[in-house]
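Report on the structure
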Amino acid sequence: MNGSIRPDWDSYFMAIASVVATRSTCLRRKVGAVIVRDRQIISTGYNGAPKGVLHCAEVGCLRERLGIPSGERHEICRGAHAEINAIVQAAATGSATAGADLYCTHEPCSFCTKAMINAGIRRVLFVFPYPDPLARQLREEAGLESVNLPESTLLVKV
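In this report, the structure presented in the accompanying data block is examined. If you're wondering where the values come from, they're calculated on a predicted model, not measured in any experiment.

Describing empty space enclosed by the protein
For the coordinates displayed, the defined rule picks out 1 cavity of 30 Å³ or more. The calculated volume of the largest cavity comes to roughly 30 Å³. In terms of lining, the largest cavity is formed by Cys56, Gly60, Cys61, Leu62, Arg63, Ile76, Cys77 and Arg78. For the lining of the largest cavity, the class distribution of residues is 5 nonpolar, 1 polar and 2 charged.

Shown next, in the form of structure tokens:
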């Protein structure tokens, strides 16, 4: 034993989400997500363009060029959010998400919240709040528990 204190499970998985965020190809914000069921990681995701599509780092950010503020006009972004990518990765590998927890560096938007609800995610944990009142309302209505963890749970600054 090296004398260090072991992190609790939530801190452990959030630290991993912060490392996953380093793979992001988004020019505006690096976001990482980890889906965990029974203390086992079943998938990860980061925000970026779909497989086989040029990344924003290669072609630039259309939302940035148009001056679109954060939280608006998600549909014209070429990238998918980390939460969606983690859910899709789980589906592609045949891993069930029902009853799982989703650790994400940033609070999910309403689009990702709807996907999480339909995927059966039971709890979402995040560090950085996101200004989307509809997402919070949907999570509350669906009984999807939301937990805001301190920034100290991140292993990597995102």
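Things to note about the sheet that holds strand E4 (residues 123–128)
Taken together, the 5 strands give an open sheet; going across it, the order is E2-E1-E3-E4-E5, and neighbouring strands pair in mixed fashion. For this open sheet the edge positions go to strand E2 (40–46) and strand E5 (145–148), each flanked by a neighbour on one side alone. Strand-to-strand twist in this sheet, taken as the mean axis angle between neighbours without regard to direction, amounts to 20°. Examined bridge by bridge, strand E1 (residues 32–37) and E2 share 6 bridges and lie antiparallel to one another. Opposite Val34, over in E2, you have Thr44 as the bridge partner. Where helix H4 (residues 82–92) meets the sheet, its contacts fall on E1, E2 and strand E3 (101–106), and the angle it forms with E2 comes to roughly 130°.

Brief notes about the pairing of E4
Among the 6 residues in E4, 5 count as buried, and that is most of the element. Viewed along the sheet, the connection from E3 through helix H5 (residues 110–119) into E4 turns out right-handed. Once you follow E4 into helix H6 (residues 133–142) and on to E5, the crossover reads as right-handed.

Side note on the nonpolar core
Of all hydrophobic cores here, the largest spans 15 residues; its most connected members are Ala33, Ile35, Leu102, Met116 and Ile121. Here this core takes 3 residues from H4, the largest share from any one element. Once you skip the residues sitting within four places of it in the chain, Ile35 turns out to touch Gln40, Ile41, Ile42, Ser43, Ala86, Ile87, Thr97, Ala100, Asp101, Leu102 and Ile121. Among the nonpolar cores identified, the runner-up in size contains 12 residues, and Val34, Val36, Tyr103 and Val127 belong to it.

Reading guide: rules and limits
- Residues numbered from 1 in each chain as written.
- Predicted model: local features only at pLDDT ≥ 70, side-chain atom pairs only at ≥ 80, totals over all residues.
- Heavy atoms only, no water.
- 1 Å grid on protein atoms, 1.4 Å probe; cavity = no way out; pocket = protein on both sides within 12 Å on 5 of 7 lines; lining within 4 Å.
- Points joined across faces, edges and corners; volume = space filled by probe spheres on them.
- Nonpolar A, V, L, I, M, F, W, Y, C, P; charged D, E, K, R; others polar.
- Pairing = 2+ DSSP bridges.
- Helix = DSSP H or I, 4+ residues; strand = E, 2+ residues; numbered from the N terminus.
- Axes fitted to C-alpha atoms, helices over the stretch in contact; angles between N-to-C directions.
- Contact = heavy atoms within 4.5 Å.
- Buried < 20%, exposed > 50% of the residue type's maximum accessible area, 1.4 Å probe, protein only.
- Right-handed = clockwise from strand over helix to strand, strands pointing away.
- Core = buried A, V, L, I, M, F, W, Y, C linked by side-chain atoms within 4.5 Å.

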